[in-house]
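# Geometric and topological summary
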Amino acid sequence: MKAVIMAGGRGTRISSVASDIPKPMISIDSRPVLEHEIICLKEQGFTDLIITVSYMADKIMEYFGNGSSWKVNIQYFVEEKPLGNAGALYELGLSEDFLLINADSIFNIDINRFVNYHKYNNGLATILTHPNSHPFDSGLIFATEGHVVEKWLGKHDDRPQWYKNRVNAGIHILSPKLLEKRPEKEKIDLDSDILKPLAGTGRLICYDSPEYIKDMGTPERYQQVCIDFKNGIPQKKCLKEKQKAIFLDRDGTINKYVGFLRNIDDFELLPNVSEAIRMINQSEYLAIVVTNQPVIARGEVTYEELNMIHRKMDTLLGKHGAYIDGLYFCPHHPDKGYVGEISELKIRCSCRKPGSGMLLAAANDFNIDLSKSWIIGDSDNDIKAGENAGCNTMKIDTNGSIFNCVERIINGQ
């Protein structure tokens with residue numbers, strides 16, 4: 001599969017970091033951003049590259065040449081006049097599905113896993129999505145449980161009060177069928193002109209991943225990427241490597257305990273929770289919520305109402321720069337006799353804590369080493385679930401908080 005890297009942007013927001021070179025040539029850990037991308041591609045077998053260039057194109061072409069120094073083959077498409085971030089795609093003569101990457105992102109992902117997912121789902125396009133620390137100023141992707149994109153909101157579009165923190169990470173796999181008819185305009189935008197119109201058609205798929213993908217479009221984000229590289233975070237977060245996770249109970253750990261939470265208005269984050277989860281996000285650990293929700297089986301909350309509660313959690317965390325990488329809930333309840341109960345969910349299962357099913361499912365999905373992971377909760381069932389899964393455990397005491405627990409884990413205390 002060919003990889004197309006879009007490297008024509010000017011990078012005006014980050015010009016204070018380096019104004020005399022194009023944005024893809026800004027150095028991180030002694031290498032240009034674009035070089036990090038090429039190395040990641042080469043290491044996973046992607047050696048046939050096309051780089052679209054425009055602004056200061058000569059600096060990029062002089063540095064990389066034909067790619068032989070990196071054992072890849074590089075071709076260039078030089079935009080003599082601005083074509084938008086996707087106009088060049090119509091000039092490349094692509095005949096097979098291809099990988100499309102922005103040249104201003106630092107990533108370390110299992111690309112072949114992404115490609116296999118795309119082939120399995122047979123969409124016209126698959127976009128890699130993830131939560132990020134600034135969903136409030138990012139475009140949002142709304143998808144079905146089967147990861148078919150239903151709606152795509154730009155960052156300036158009106159959005160609902162509560163939303164899932166799922167944004168486009170800037171890594172895509174596209175079919176050349178999308179390029180058969182060129183829009184009748186000179187400058188073509190990838191998102192608004194090609195991808196966004198596919199939302200709701202059933203042919204746009206999202207691949208959710210917790211792996212390391214960060215744009216460095218502002219000086220602040222650039223500095224954070226430099227810190228992450230120094231700490232080896234990008235490599236550690238790649239799903240080819242065994243992951244470490246901090247599993248978090250929900251009620252009484254993340255949000256104020258009110259008994260069975262049935263009403264979204266009763267959901268309230270506990271003090272310092274956002275700070276604690278943000279600390280996890282900046283570490284080598286994944287932040288994964290595992291929660292018993294028997295209110296589903298009891299017929300007291302619908303799946304949609306529960307999803308809305310979790311969207312509120314995502315939104316509130318996102319306002320403070322925090323996010324969760326995964327969420328698992330058990331809808332079952334073993335005892336019968338409730339008015340309105342859902343009979344098929346009134347079972348004894350392996351996922352309801354103290355069972356370990358939710359932790360094992362997450363371990364399978366995210367390649368997690370449970371022996372190097374932790375669970376934090378406020379009940380004995382949380383601790384037993386962790387022990388049953390082979391995790392390290394930490395219980396919040398009456399005077400403690402999730403922040404104190406996370407700080408101790410990350411600092412190795």
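The following refers to the structure shown.

About the thresholds
- Residues numbered from 1 in each chain as written.
- Predicted model: local features only at pLDDT ≥ 70, side-chain atom pairs only at ≥ 80, totals over all residues.
- Heavy atoms only, no water.
- Helix = DSSP H or I, 4+ residues; strand = E, 2+ residues; numbered from the N terminus.
- Rg over C-alpha atoms; globule rule 2.2 N^0.38 Å.
- Buried < 20%, exposed > 50% of the residue type's maximum accessible area, 1.4 Å probe, protein only.
- Areas by Shrake-Rupley, 256 points an atom, 1.4 Å probe, with all protein chains shown as cover.
- Contact = heavy atoms within 4.5 Å.
- Salt bridge = Lys/Arg side-chain N within 4 Å of Asp/Glu carboxyl O.
- Pairing = 2+ DSSP bridges.
- Right-handed = clockwise from strand over helix to strand, strands pointing away.
- Axes fitted to C-alpha atoms, helices over the stretch in contact; angles between N-to-C directions.
- Phe/Tyr/Trp six-rings, centres within 6.5 Å; stacked < 30°, edge-to-face > 60°.
- Lys NZ or Arg CZ within 6 Å of the ring centre and 35° of its normal.
- Parallel < 35°, antiparallel > 145°, perpendicular 65-115°, else oblique.
- Left-handed = near helix turned anticlockwise from the far one by under 90°.

## Some remarks on the overall build of the protein chain
The secondary structure content of the protein chain amounts to eleven helices and 18 strands. The globule rule puts the C-alpha radius of gyration for 413 residues at 22 Å, and the 23 Å found for the protein chain is close to it. Counting only C-alpha atoms and orienting by the principal axes, one finds that the protein chain spans roughly 70 × 45 × 35 Å. Residue burial in the protein chain is summarised as follows: out of 413 residues, 53% are buried. Looking at the protein chain as shown, the accessible area adds up to about 18500 Å², and 45% of this sits on carbon and sulfur atoms.

## So, the environment of Val4
In this structure, Val4 sits in strand E1 (residues 3–7). The spatial distance from the C-alpha of Val4 to the C-alpha of Val149 is 23 Å, given a sequence separation of 145 residues. Those residues within four positions of Val4 in sequence are excluded, and the remaining contacts are Ile50, Thr52, Leu89, Leu92, Leu94, Phe98, Leu99, Leu100 and Ile101.

## Remarks on the pattern of salt bridges
In total, this model carries 19 salt bridges according to the counting rule given. One salt bridge connects Arg262 with Glu300, and the closest N-O pair in it is separated by 3.1 Å. Pair noted here: Arg262 is in the loop between strand E14 (244–248) and helix H7 (273–281) and Glu300 is in the loop between strand E15 (285–292) and helix H8 (303–318), with a separation of 38 residues, a long-range link. Shared partners join several salt bridges into a network, and the residues in it are Asp137, Asp215 and Arg221.

## Points about the pairing of strand E16 (residues 326–330)
Alternating positions in E16 separate cleanly, Gly326, Tyr328 and Cys330 being buried on one face and Leu327 and Phe329 remaining unburied on the opposite face. Direction of pairing for E15 relative to E16: parallel, over a ladder of five bridges. Counterpart to Val289 in the pairing with E16 is Leu327. Traced from E15 through H8 to E16, the parallel crossover comes out right-handed.

## Brief notes about the environment of Asn122
Here Asn122 lies in the loop between helix H3 (111–121) and strand E8 (125–130). A sequence separation of 53 residues divides Asn122 from Ser175, and the C-alpha atoms of the two residues are 9.7 Å apart.

## Observations regarding the sheet that holds E14
A sheet is described by the order of its strands in space; here five strands give the open sequence E16-E15-E14-E17-E18, paired in parallel fashion. Each end of this open sheet is capped by a strand with a single partner; those strands are E16 and strand E18 (392–395). The average angle at which neighbouring strand axes cross in this sheet is 20 degrees, direction not considered. Strand direction decides the pairing type here: strand E17 (residues 374–377) and E18, joined by four bridges, are parallel. Considered in E18, the bridge of Ile375 is made with Thr393. The sheet contacts of H8 involve E15 and E16, and relative to E16 the element is tilted by about 145 degrees.

## Here's the deal with helix H1 (residues 33–43)
Across the eleven residues of H1, eight count as buried, placing the element largely inside the fold. Along H1, the positions that sit buried rather than exposed are Val33, Leu34, Glu35, His36, Glu37, Ile38, Cys40 and Leu41. Immediately downstream of H1, the backbone of Gly45 shows phi near 95 degrees, a positive value.

## Some words on the environment of Asn281
Structurally, Asn281 can be placed in helix H7. Taking relative accessible area as the criterion, Asn281 reaches 7% and is therefore assigned buried. Sequence spacing of Asn281 and Gly321 is 40 residues, and the spatial spacing of their C-alpha atoms is 9.3 Å. Here Asn281 is in contact with Lys237, Ala287, Gly321, Ala322, Tyr323 and Asp325, once residues within four sequence places are set aside.

## Comments concerning the packing of aromatic side chains
For the structure on display, the rule yields six aromatic pairs. With a centroid separation of 5.8 Å and 35 degrees between ring planes, the pair formed by Tyr63 and Trp70 is classed as tilted. Taking relative accessible area as the criterion, Trp70 reaches 16% and is therefore assigned buried. Each member of the aromatic cluster is reached from another via a ring pair, and the members are Tyr63, Phe64 and Trp70. Taking the ring centre of Tyr90 as reference, the NZ or CZ of Arg182 above it sits at 5.6 Å.

## Some thoughts on the sheet that holds E1
With mixed pairing, the seven strands of this open sheet are ordered in space as E5-E4-E1-E6-E11-E8-E12. A single partner strand is all that each edge strand has here, and the edge strands are strand E5 (73–78) and strand E12 (204–208). Between one strand axis and the next, the sheet turns by 25 degrees as a mean value, whatever way the strands run. Its contacts with the sheet place helix H2 (residues 57–64) against E1, strand E4 (48–53) and E5, and it is angled at close to 165 degrees to E5.

## What about the side chain of Thr52?
Position of Thr52 relative to the elements: it lies in strand E4. Setting aside its immediate chain neighbours within four residues, Thr52 contacts Val4, Ile5, Met6, Ala7, Gly8, Phe77, Ala88 and Leu92.

## Structural notes on the packing of H1 against H2
One way to put it is that H1 packs onto H2 with a least axis distance of 11 Å and a crossing angle of 45 degrees. Relative to H2, the element H1 lies oblique. Considering only the axes of H1 and H2, their crossing is right-handed. The residues of H2 that touch H1, namely those facing Leu34, Glu35 and Ile38, are Ile60, Tyr63 and Phe64.

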